[in-house]
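Coordinates in review
Spelled out from the first residue to the last, the chains are:
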Amino acid sequence: MTFFSSSLTNAETIADVERFPFPDPVEDARFDGLRDFAEKVRNEGRAFVLGGISAGMLEMGLWLRGFENFFCDLHENRVLAEAICDKILELKMRYWEKALSLLGDLVDVVQEGDDYGGQQGLLISPRIWCEVFKPRLRQLFSHIRRCASHVFIFFHSCGSIYEIIPDLIEVGVDILNPVQVAAANMDTKRLKREFGDCLTFWGGGVDTQKVLPRGTPEQVREEVKRRIEDLAPGGGFVFATVHNIQADVSPENISAMWEAVQEFGRYR
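My aim in this report is to walk through the structure given alongside it, one point at a time. (Residues numbered from 1 in each chain as written. Predicted model: local features only at pLDDT ≥ 70, side-chain atom pairs only at ≥ 80, totals over all residues. Heavy atoms only, no water.)

1. Comments concerning the packing of helix H4 (residues 67–76) against helix H6 (residues 126–147)
The line we're drawing: Every axis corresponds to a line fitted to the C-alpha atoms, with the helix fit spanning only the stretch in contact, and the corresponding angles, defined between N-to-C directions, vary from 0 to 180 degrees. Helix and strand assignments follow DSSP, with helices taken as H or I runs no shorter than four residues and strands as E runs no shorter than two, numbered in order from the N terminus. We call two directions roughly parallel when the angle between them is under 35 degrees, roughly antiparallel when it is over 145, roughly perpendicular when it lies between 65 and 115, and oblique otherwise. Residue contacts are counted whenever heavy atoms from the two residues lie within 4.5 Å of one another.
Close contact between H4 and H6 brings their axes to 11 Å; oriented N to C, the two are set at 95 degrees. By the criterion of interaxial angle, the relationship of H4 to H6 is roughly perpendicular. Counting all contacts with H4, which are made through Phe-70, Leu-74 and His-75, the residues of H6 involved are Ile-128, Val-132 and Phe-133.

2. A look at unusual backbone geometry
In most cases, non-glycine residues show a negative phi, while peptide bonds are predominantly trans. Short version of the rule: Using a 1.4 Å probe on the protein chains alone, a residue whose accessible area is under 20% of its type maximum counts as buried, one over 50% counts as exposed, and one in between counts as partly exposed.
Following Asn-177, the chain continues to Pro-178 via a peptide bond in cis, the omega torsion being 10 degrees. As for its position among the elements, Pro-178 is in the loop between strand S4 (175–177) and helix H8 (188–195). Phi angles above zero are rare outside glycine, and Val-179 is one such case at about 60 degrees. Mapping Val-179 onto the fold places it in the loop between S4 and H8. Residue class for Val-179 comes out buried when judged on its relative accessible area of 1%.

3. Section: the nonpolar core
This is how the line gets drawn: Think of a nonpolar core as a cluster: buried Ala, Val, Leu, Ile, Met, Phe, Trp, Tyr and Cys residues, connected wherever their side-chain atoms sit within 4.5 Å.
Tyr-116 and Phe-133 are the most contacted members of the largest nonpolar core, which has 81 residues in total. At 14 residues, helix H5 (residues 78–103) tops the list of elements feeding residues into this core. The residues touching Phe-133, leaving out its near neighbours within four places in the chain, are Met-57, Leu-58, Phe-70, Leu-74, Cys-85, Tyr-116, Ile-124 and Ile-128.

4. Quick notes on the packing of aromatic side chains
Defined as follows: Put simply, two rings from Phe, Tyr or Trp (the six-membered ring, in Trp's case) pair if the centres are within 6.5 Å, and we call them stacked under 30 degrees between planes, edge-to-face over 60, tilted for the rest. By definition here, charges over rings are those cases where NZ of Lys or CZ of Arg is within 6 Å of the ring centre and within 35 degrees of the ring normal.
What the rule picks out here adds up to 12 aromatic pairs. A centroid spacing of 6.2 Å and a plane angle of 65 degrees characterise the contact between Phe-37 and Phe-48, whose relative ring orientation is edge-to-face. With Phe-37 in helix H2 (residues 34–43) and Phe-48 in the loop between H2 and strand S1 (49–51), this pair connects stretches of sequence that are 11 residues apart. A centroid spacing of 6.3 Å and a plane angle of 80 degrees characterise the contact between Phe-237 and Phe-239, whose relative ring orientation is edge-to-face. Judged by relative accessible area, which is 12%, Phe-237 ranks as buried. Of the residues examined, Phe-239 reaches a relative accessible area of 24% and is grouped as partly exposed. Ring-pair connections join several aromatic residues into one group, and the members of that group are Tyr-116, Trp-129, Phe-133, Phe-141 and Phe-155. Against the face of Tyr-162 rests Arg-190, its NZ or CZ located 3.9 Å from the ring centre. When the ring centre of Phe-264 is taken as origin, the NZ or CZ atom of Lys-225, which lies over that ring, is 5.7 Å away.

5. Some remarks on the pairing of strand S3 (residues 152–156)
As a reminder of what qualifies: Any two strands with at least two DSSP bridges between them are considered paired. When the strands point away from the viewer, a crossover counts as right-handed if the path from the first strand over the helix to the second runs clockwise.
Most of S3 sits inside the fold, with four of its five residues counted as buried. In this sheet, S3 lies alongside strand S2 (residues 109–113) in parallel orientation, the contact comprising five bridges. In the sheet register, Val-109 faces S3, and the bridge partner there is Phe-152. A crossover connection joins S2 to the parallel S3 through H6; in handedness this β-α-β unit is right-handed.

6. Things to note about the pattern of salt bridges
The condition is simple: One speaks of a salt bridge when a side-chain nitrogen belonging to Lys or Arg is within 4 Å of a carboxyl oxygen belonging to Asp or Glu.
Considering all chains together, one arrives at 28 salt bridges under this definition. A salt bridge links Lys-87 to Glu-90, with the nearest nitrogen and oxygen atoms 3.2 Å apart. Separated by three residues within a single helix, Lys-87 and Glu-90 lie in helix H5, roughly one turn from each other. By relative accessible area, Lys-87 is classed as buried at 10%. With a shortest N-O distance of 2.7 Å, Glu-112 and Lys-92 are connected by a salt bridge. Residue Glu-112 is located in strand S2, and its partner Lys-92 is located in helix H5; the two are separated by 20 residues in the primary sequence. Each of the two residues, Glu-112 as well as Lys-92, counts as buried. Taken together, the salt bridges that share partners define one network made up of Arg-78, Glu-82, Asp-86, Arg-127, Glu-131 and Arg-136.

7. Some points on the side chain of Arg-65
In plain terms, the rule: Each polar contact in these results corresponds to two N or O atoms within 3.5 Å; when the atoms are within protein, one needs to be able to donate a hydrogen and the other to accept it, and residues that are neighboring in sequence are counted only if both atoms are side-chain atoms.
Mapped onto the elements of the fold, Arg-65 is located in helix H3 (residues 57–65). Given a relative accessible area of 6%, Arg-65 falls into the buried group. Within the structure, the side chain of Arg-65 is placed 2.9 Å from the backbone oxygen of Leu-8, a separation counted as a polar contact. In this view, Arg-65 contacts Ser-6, Leu-8, Thr-9, Asn-10, Ala-11, Phe-70, Asp-73, Leu-80 and Ile-84; residues no more than four positions away in its chain are not counted.

8. Section: the sheet that holds S2
Strand pairs in the sheet, formed through backbone hydrogen bonds, run parallel or antiparallel to each other. Across the sheet, which stays open at both edges, the six strands sit in the order S1-S2-S3-S4-S5-S6 with parallel pairing between neighbours. Every other strand in the sheet has two partners, leaving S1 and strand S6 (237–238) as the edge strands with one partner each. Bridge analysis of S1 against S2 gives three bridges, and the strand direction is parallel. By the bridge assignment, Leu-50 is partnered in S2 with Val-110.

Pasting the structure below:
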C-alpha cells in the first residue's frame with residue numbers, strides 16, 4: 001500500500017527547509033498579461049482584486065510537513081515550524097513586491113488567507129497563534145502597505161475564529177472572509193456590533209452548511225434577510241455565500257437567495 005508523503009515529511013533542520021526547491025514567486029510568466037487584464041477590469045468600472053501566491057503559513061506548513069507532523073512541530077519543534085513559516089513569508093513578500101510594483105496603481109484589494117478555524121474553535125491555541133502567526137502576518141501586511149499604501153487587505157479564514165479577530169484587525173486586516181456563520185461564536189449581529197467599525201465583512205450572506213443546501217426557499221429567503229439586516233447597516237458588507245455553492249443546492253434555493261438579495265440587499 002502506498003501512503004501519501006508530504007514534501008517535507010522527513011525534514012529535520014532549517015537547512016532541510018532551505019534546500020527544498022520552492023517555486024520562484026517572481027517568475028515573469030506569473031505576471032504575463034496581468035496588467036492588461038487589470039486595466040480592462042478598471043475600465044469597466046469594477047474593482048480589481050489581486051490574489052496572493054499561495055495558501056497561508058499554517059496551511060502550507062500542514063501540507064508540506066503533513067498535518068500530524070506540523071501540528072506537533074508547533075509544540076515540540078518550534079524552530080522547524082518557524083523556519084517553514086519564514087520561508088512561506090519570504091516567498092509571499094517577494095511576490096507582492098513585484099506584483100504591486102507592476103500594477104499596484106490598479107489594485108483595489110489584495111487577497112491573502114489562512115484557515116485557522118474549525119467548527120467549534122481555533123485549530124491551534126490562541127497562544128501559539130499569537131506567538132507564531134500574528135507577528136508574521138503583521139510583517140506581511142506592513143510590507144504590502146509599503147508597496148501600495150492605498151490597497152485594502154482582504155483576509156480569508158474559515159471556521160470559528162472569533163478569538164483572534166481583534167488581533168487580525170491589529171495587524172492590518174480590512175476585510176474578513178468568509179464569515180462562517182454556522183461555526184461557534186460567529187453570530188453576525190455580534191460580529192457587526194463588536195467589529196463593524198473596523199472590518200468589512202465579505203461573505204456570511206447565507207449559511208452554506210445547512211440552510212442553503214437543506215432549507216426551503218422560504219428559509220433561504222429569511223436567512224438572507226437576517227444576515228443583511230445584521231451586517232449591512234452603516235456599510236461594510238459585501239454579500240456572498242459563506243462558501244461556494246455546492247452541487248446539492250437546488251435551483252429553487254439559488255433563485256430564492258438571489259431574489260432576496262435583490263429585495264433586501266440594496267443601500268438606500
